[in-house]
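# Reading the structure
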Amino acid sequence: MQNNWPHKIIGDKVVIRTRDRVCENADELLSSKLCYKIVHRCIRDLNRVNSPLLRIFDHRVISDEDIQLLVDTLQYALKVQVDLIPRLLPGSEQFLRDRELLNQFVEYLYNYWRHFQRVIVCDSEGNRFDRRPYQTFNRTVETLTNVVRSTYRDLQENISGNHPRIYRQVPAGAEIATIALPRDIPYPAPIYQKLNEIAVIRQVLIYPPLIFNPPMNKRSGSFERVDKNPLEGLELKRENWICYPAKVGPLTIMVYFSYKFAELGFSLCNLFELAEEADIQRKPDAAYLFGVPDEDFPALGKGKTIFYDDEQNDMLVAAVPDSDTYGYFGYLKKMVLTLHNIVMMKRGRMPFHGALISLKVRGAEPMTVLIIGDTGAGKSESLEAFRQIGKDEIEQVTIIADDMGSLVLQSGGGVVGYGTETGAFIRLDDLQNGYAFGQMDRTIIMSPDQVNARVVLPVTTYNTIMKGYPIDVVLYANNYTPIPEGESTITWFEDASQALKVFRDGNVMSKGTTTTTGLTATYFANVFGPQQYQDVHEKIAKDYFKAFFKNGVRVGELNTQLGINGLEQSGPKRAARELLELAKNRKTRKV
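The structure contained in this document is the topic of the report that follows. (Residues numbered from 1 in each chain as written. Predicted model: local features only at pLDDT ≥ 70, side-chain atom pairs only at ≥ 80, totals over all residues. Heavy atoms only, no water.)

This brings us to the overall build of the protein. Regarding its fold elements, the protein presents 15 helices and 27 strands. Over its C-alpha trace the protein gives a radius of gyration of 27 Å, about what one expects of a compact globule, namely 25 Å for 591 residues. Taken over the C-alpha atoms alone, the protein extends approximately 90 × 55 × 45 Å along its principal axes. Across the 591 residues that make up the protein, the buried fraction comes to 58%. Considering only contacts in the protein between residues 6 or more positions apart, those separated by 24 or more positions represent 77%. Taken as a whole, the protein presents about 24600 Å² of accessible surface, with 47% of it coming from carbon and sulfur. (Helix = DSSP H or I, 4+ residues; strand = E, 2+ residues; numbered from the N terminus. Rg over C-alpha atoms; globule rule 2.2 N^0.38 Å. Buried < 20%, exposed > 50% of the residue type's maximum accessible area, 1.4 Å probe, protein only. Contact = heavy atoms within 4.5 Å. Areas by Shrake-Rupley, 256 points an atom, 1.4 Å probe, with all protein chains shown as cover.)

Structural data, given as structure tokens:
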């Protein structure tokens, strides 16, 4: 890390920018401004708790000069025999009085550095880093990891005089790296041009498993439509922002996030496909600013999770402030999906909040099932239980949508389903035992020690979610009605009006994923667009449900019982067994 490297320390995040390379040896590492800042913060925090580690100093009041002397001593410890350092560096003898204590301090400092969320951003307006991204990542992430780790080990061995017999290759450099370059995005009006000052991510490298503890672990309220563009009068400091261009189903949504929420923004790479060059050369469908400084946030609505429908320019614009209240991945993901759903309704498609999968059981025809339901209704949990209990009979489970998607009514009357995400944001609490650990090498884990612990992991491919699957079965996920043993967990509807009432009511028992409690009702279990555009959605829904019954699509209610205490595991398993029987009896597909 050279002295002139731009970097930011934001809370528990370190963001390093480079246009060339990182440090290549221990001397460059220890002489960097960033290293001094980390040591300074470490000593400040130790001083706050009166740590005995600070006894490496021979006095209590520690000045900036004392900290620099400590750093210089560590540099000498890499070059010469430790006993000789006091002869070369006056004042260093205080640190060498108790080598074991100094060794413990080095261990603590190493772990203190590692407790930060560490991001490297490779950006250059002249050099095209993205032509050989693997070479760029090797020069930055891999090099930093090796230098930090080897510096730590050399210091400990030189100070203690001992060689460890067990080596642990823990991540020591950056956990996340990205190549982000300026792009001239063809926005439709001058008000959007300020966004082109922000670098756009072209490649991302992560080292999973990543474990984050964001400020919040629940989402509250709904997203509010406002009558003024939040970009009006808003000044954005380009050095505080970066853009993830997300492919959300057929759409391109430019997600701008503040580095304050870097861990949440980069987690998008496990959820949405990163847009290709051809995608960002076209006008985006929407733009989302996640992390606008609270003091600059425009007062446009009753709340602060807002979006604007720029009908004149065929653009949607959303914004959420950077206060810790909104530091939850759900605010990022669900707003993106809200924007998607609004565009879909404008195009005559029916958005859904649910899981869409294609099931192929041995000896039967494939069956495409759409399970609609609110957060915590048991959609993903039932499908995962299906995968577990049917592992000896299932030939293939294709995930088309884990949370959101859209339906298209074809000219012949059939309905085809599409997805939005290539990943899933799943409650860790309700997954089958051991599932998340089996996927650990790809997983991003959030708030692991809290009630609404979540994992973000890839589950499907972009080609799969965009293929289009004819719908065979549509089910509403009911997580609150107890079903006696021996009775069916599926109730079939006789006509469209009967089905529409249940889907329109959108009842669900809260599972603690938001701040709501008890039994709640949401229009079509979808507060993410349909609720804000009910007039538009109602007409679409009537047309689609009529098409379901006219074309032989089976429509019913699946009782997952996930919201009933004691049935969080067994309820979805019972529902999954009936889904398995339904799939076994699937003989023909209606086209």
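Let's pick the thread back up.
What describes a pair of aromatic rings is the distance from one ring centre to the other and the angle between the planes of the rings. In total, this model carries 21 aromatic pairs according to the counting rule given. Aromatic pair Y523 and F524: ring centres 5.2 Å apart, planes at 65 degrees, arrangement edge-to-face. We note that Y523, like F524, is buried. Aromatic rings pair up to connect Y476, F493, F503, Y523, F524, F545 and F548 into one cluster. We note R554 situated over the ring of W492; from NZ or CZ to the ring centre the distance is 3.9 Å. (Phe/Tyr/Trp six-rings, centres within 6.5 Å; stacked < 30°, edge-to-face > 60°. Lys NZ or Arg CZ within 6 Å of the ring centre and 35° of its normal.)

This paragraph deals with the pattern of salt bridges. Within the structure shown, the criterion is met by 30 salt bridges. Linking D83 and R99 is a salt bridge whose minimum nitrogen-to-oxygen distance equals 2.0 Å. With D83 in the loop between α3 (64-77) and α4 (85-88) and R99 in helix α5 (residues 99-114), this residue pair connects regions lying 16 residues apart in the sequence. When its relative accessible area of 46% is taken as the criterion, D83 is described as partly exposed. (Salt bridge = Lys/Arg side-chain N within 4 Å of Asp/Glu carboxyl O.)

The next subject is the nonpolar core. With 85 residues, the main nonpolar core has Y288, F503 and F545 as its most contacted residues. Residues in contact with Y288, not counting those within four places in the same chain, are M254, V255, Y256, A318, A319, V320, Y331, L332, M335, V336 and L339. Listed in part, the 52 residues of the second largest apolar core include I16, L96, L144 and V148. (Core = buried A, V, L, I, M, F, W, Y, C linked by side-chain atoms within 4.5 Å.)

Okay, the state of the cysteines next. Summed over all chains, the structure comprises 0 disulfides. No disulfide involves C269; its nearest neighbouring cysteine sulfur is the one of C243, lying 14 Å away. (Disulfide = S-S within 2.5 Å.)

Below, the discussion takes up the environment of A262. With respect to the helices and strands, the residue A262 is situated in helix α7 (residues 262-266). With a relative accessible area of 1%, A262 lands in the buried category. Each C-alpha atom, one on A262 and one on V147, is 24 Å from the other, the two residues being 115 residues apart in sequence. Setting aside its immediate chain neighbours within four residues, A262 contacts K13 and F257.

Here the focus is the side chain of T73. Position of T73 among the secondary structure elements: in helix α3. The class of T73 is buried, set by a relative accessible area of 1%. In this structure the side chain of T73 is engaged in a polar contact, spanning 2.8 Å, whose partner is the backbone oxygen of L69. Ignoring anything within four residues of it in the chain, the contact list for T73 reads I85, L89, S92 and F95. (Polar contact = N/O pair within 3.5 Å; in protein donor to acceptor, adjacent residues only side chain to side chain.)

On to the packing of helix α2 (residues 33-48) against α3. Their axes nearest at 10 Å, the elements α2 and α3 cross at an angle of 120 degrees. In terms of their interaxial angle, α2 and α3 are classed as oblique. As for the relative orientation of α2 and α3, their crossing is right-handed in sense. Contacts from Y36, V39, H40 and I43 in α2 reach D64, I67, Q68, L70 and V71 in α3. Its residues placed into classes, the contact of α2 with α3 shows 6 nonpolar, 2 polar and 1 charged. (Axes fitted to C-alpha atoms, helices over the stretch in contact; angles between N-to-C directions. Parallel < 35°, antiparallel > 145°, perpendicular 65-115°, else oblique. Left-handed = near helix turned anticlockwise from the far one by under 90°. Nonpolar A, V, L, I, M, F, W, Y, C, P; charged D, E, K, R; others polar.)

On to α2. Compared with the 22 Å implied by 1.5 Å per residue over 16 residues, the 23 Å span of α2 between its first and last C-alpha is a close match. Contacts made by the buried residues of α2 are with β1 (7-10), β2 (13-18), α1 (26-30), α3 and α5. Downstream of α2 by a residue or two, N50 has a phi angle that is positive, lying close to 55 degrees. (Expected span 1.5 Å × (residues − 1).)

Here we come to the sheet that holds strand β20 (residues 444-446). The 4 strands are arranged β6-β20-β21-β19 in an open sheet whose pairing can be described as mixed. Taken across any chain shown, the strands that pair with only one partner, and hence form the sheet edges, are β6 (210-212) and β19 (423-427). The mean inter-strand angle of the sheet, taken between neighbouring strand axes irrespective of direction, is 20 degrees. (Pairing = 2+ DSSP bridges.)

Moving on to the packing of helix α13 (residues 496-505) against helix α14 (residues 534-550). For any two helices packed against each other, one specifies the crossing angle of their axes together with the interaxial distance. At a minimum axis distance of 10 Å, the contact between α13 and α14 shows a crossing angle of 135 degrees. Classified by the angle between their axes, α13 and α14 sit oblique to one another. For the crossing formed where α13 meets α14, the hand is right-handed. Along its contact with α13, which presents A496, A499, L500, F503 and R504, the element α14 presents E538, A541, K542, F545, K546 and F549. By residue class, the composition of the contact of α13 with α14 is 7 nonpolar, no polar and 4 charged.

A few words now on the pairing of strand β13 (residues 315-321). Burial of β13 is extensive: 7 of the 7 residues sit out of reach of the surface. Burial along β13 is two-sided: the face carrying M315, V317, A319 and P321 and the face carrying L316, A318 and V320 are both buried. Here strand β11 (residues 286-292) pairs with β13 via 6 bridges, running parallel. Residue pairing in the sheet places V292 in a bridge with P321 of β13. In terms of strand pairing, strand β12 (residues 306-310) meets β13 through 5 bridges, oriented antiparallel. Within β13, the position partnered with F307 by the bridge is A318. The antiparallel hairpin formed by β12 and β13 contains 4 residues in its connecting segment, where D314 sits at a positive phi of about 55 degrees.

In this structure, D66 sits in helix α3. No salt bridge is formed by the buried D66. Its closest oppositely charged neighbour is R97, at 11 Å. Other than its neighbours up to four places away in sequence, D66 contacts F57, H59, V61 and F95. (Lys, Arg positive; Asp, Glu negative; His and termini not counted.)

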